[in-house]
Amino acid sequence: MVKVEFKNVQKRFDDGFIAVNDLDLEVNDGEFLVLLGPSGCGKSTTLRMLAGLEEVTEGEIHIDGMKVNHLPPGARDLGMVFQSYALYPHMSIGDNLAFGLRMAKGEKRIPDEEITTRVIEIAELLELSDHLNKKPKELSGGQRQRVALGRALVRRPKVLLMDEPLSNLDAELRHTMRKEIRRLHDELGTTTIYVTHDQIEAMTLADRVAILDNGILQQHCAPLDAYNKPENKFVKDFLCKHIDDLVETANSLFKR
């Protein structure tokens with residue numbers, strides 16, 4: 001478990017657009033932080049800078065007390081889960097889970113016996129033990145997302161990053177996977193940063209939320225505190241708008 005720090009971080013693209021502006025944010029040891037906000041608010045860019053997939057224009061990012069701005073993604077010891085499952089269709093589920101470990105070089109390469117042990121352990125944790133010899137096409141969407149999650153966790157990363165990982169699932173599967181992700185976090189205690197625009201996911205998963213708008217951090221607090229004590233008009237309007245949408249949807253369903 002490690003702490004993550006963004007210190008006055010800015011991301012400015014070549015066309016001059018500032019996607020993230022002067023971000024000061026701390027993610028505590030073992031915390032589940034959700035980056036929340038509307039599309040284009042800078043939450044995915046923030047995650048990608050932490051992952052090393054986008055360069056930091058100004059400021060510093062620290063993982064476990066070490067500045068990582070110029071480290072390549074593979075040297076940051078992060079696990080990543082995205083909207084796309086990105087599984088290898090020709091490989092078995094067991095081979096998909098083991099792939100990252102088997103591709104490691106030098107000191108990071110662990111013995112084959114340890115790889116097998118880790119795959120078995122993570123498959124049991126994710127209820128995939130009976131599917132290790134199957135191909136991805138034989139699994140449901142929820143099971144494939146579990147494989148993607150397991151592939152990140154099997155590396156035992158310092159920090160787990162997730163960017164809208166449930167958006168391709170239907171409502172029932174999203175509900176199931178939210179509970180599954182929170183259960184895994186409580187069991188493993190991995191420092192986790194999760195990007196979503198979905199407030200239900202934020203409320204269900206987060207220890208704290210960091211709400212962004214136009215690349216600027218608006219509020220950083222426990223989820224209920226954001227609803228009960230919004231920091232500004234944007235936070236209040238953003239949260240209330242989605243509550244009204246949920247109420248309207250529920251009312252329309254009850255009328256049928």
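Residues numbered from 1 in each chain as written. Predicted model: local features only at pLDDT ≥ 70, side-chain atom pairs only at ≥ 80, totals over all residues. Heavy atoms only, no water.

What follows deals with the pattern of salt bridges. Counting across every chain of the model gives 18 salt bridges. With a closest N to O distance of 3.8 Å, Arg-12 and Glu-58 form a salt bridge. Here Arg-12, found in strand S1 (residues 4–12), pairs with Glu-58, found in strand S4 (residues 58–63); they are 46 residues apart in sequence, far enough to count as distant. Overall, the relative accessible area of 36% leaves Arg-12 in the partly exposed class. Here Arg-146 makes a salt bridge to Glu-127, at a shortest N to O gap of 3.8 Å. Taken together, the positions of Arg-146 in helix H4 (residues 141–153) and Glu-127 in the loop between helix H3 (112–125) and H4 put the pair 19 residues apart, joining distant regions of the chain. By relative accessible area, which is 13% here, Arg-146 ends up buried. Through salt bridges with shared partners, a single ionic network connects Glu-114, Arg-118, Glu-121 and Arg-156. (Salt bridge = Lys/Arg side-chain N within 4 Å of Asp/Glu carboxyl O. Helix = DSSP H or I, 4+ residues; strand = E, 2+ residues; numbered from the N terminus. Buried < 20%, exposed > 50% of the residue type's maximum accessible area, 1.4 Å probe, protein only.)

Phi is positive for Asp-77, which is not a glycine, with a value near 60 degrees. Looking at the element boundaries, Asp-77 is found in the loop between strand S5 (66–67) and strand S6 (78–81). Judged by relative accessible area, Asp-77 falls into the partly exposed class, the value being 27%. Even without glycine at this site, Glu-164 takes up a positive phi of about 50 degrees. As for its position among the elements, Glu-164 is in the loop between strand S7 (159–163) and helix H5 (171–188). Given a relative accessible area of 14%, Glu-164 falls into the buried group.

Between its terminal C-alpha atoms H5 stretches 26 Å, which fits the 26 Å expected from 18 residues at 1.5 Å a residue. Among the residues making up H5, those that are buried are Met-177, Arg-178, Glu-180, Ile-181, Arg-182, Leu-184 and His-185. Lining the buried residues of H5 we find strand S3 (32–36), H3, H4, S7, strand S8 (191–196) and helix H6 (199–205). (Expected span 1.5 Å × (residues − 1). Contact = heavy atoms within 4.5 Å.)

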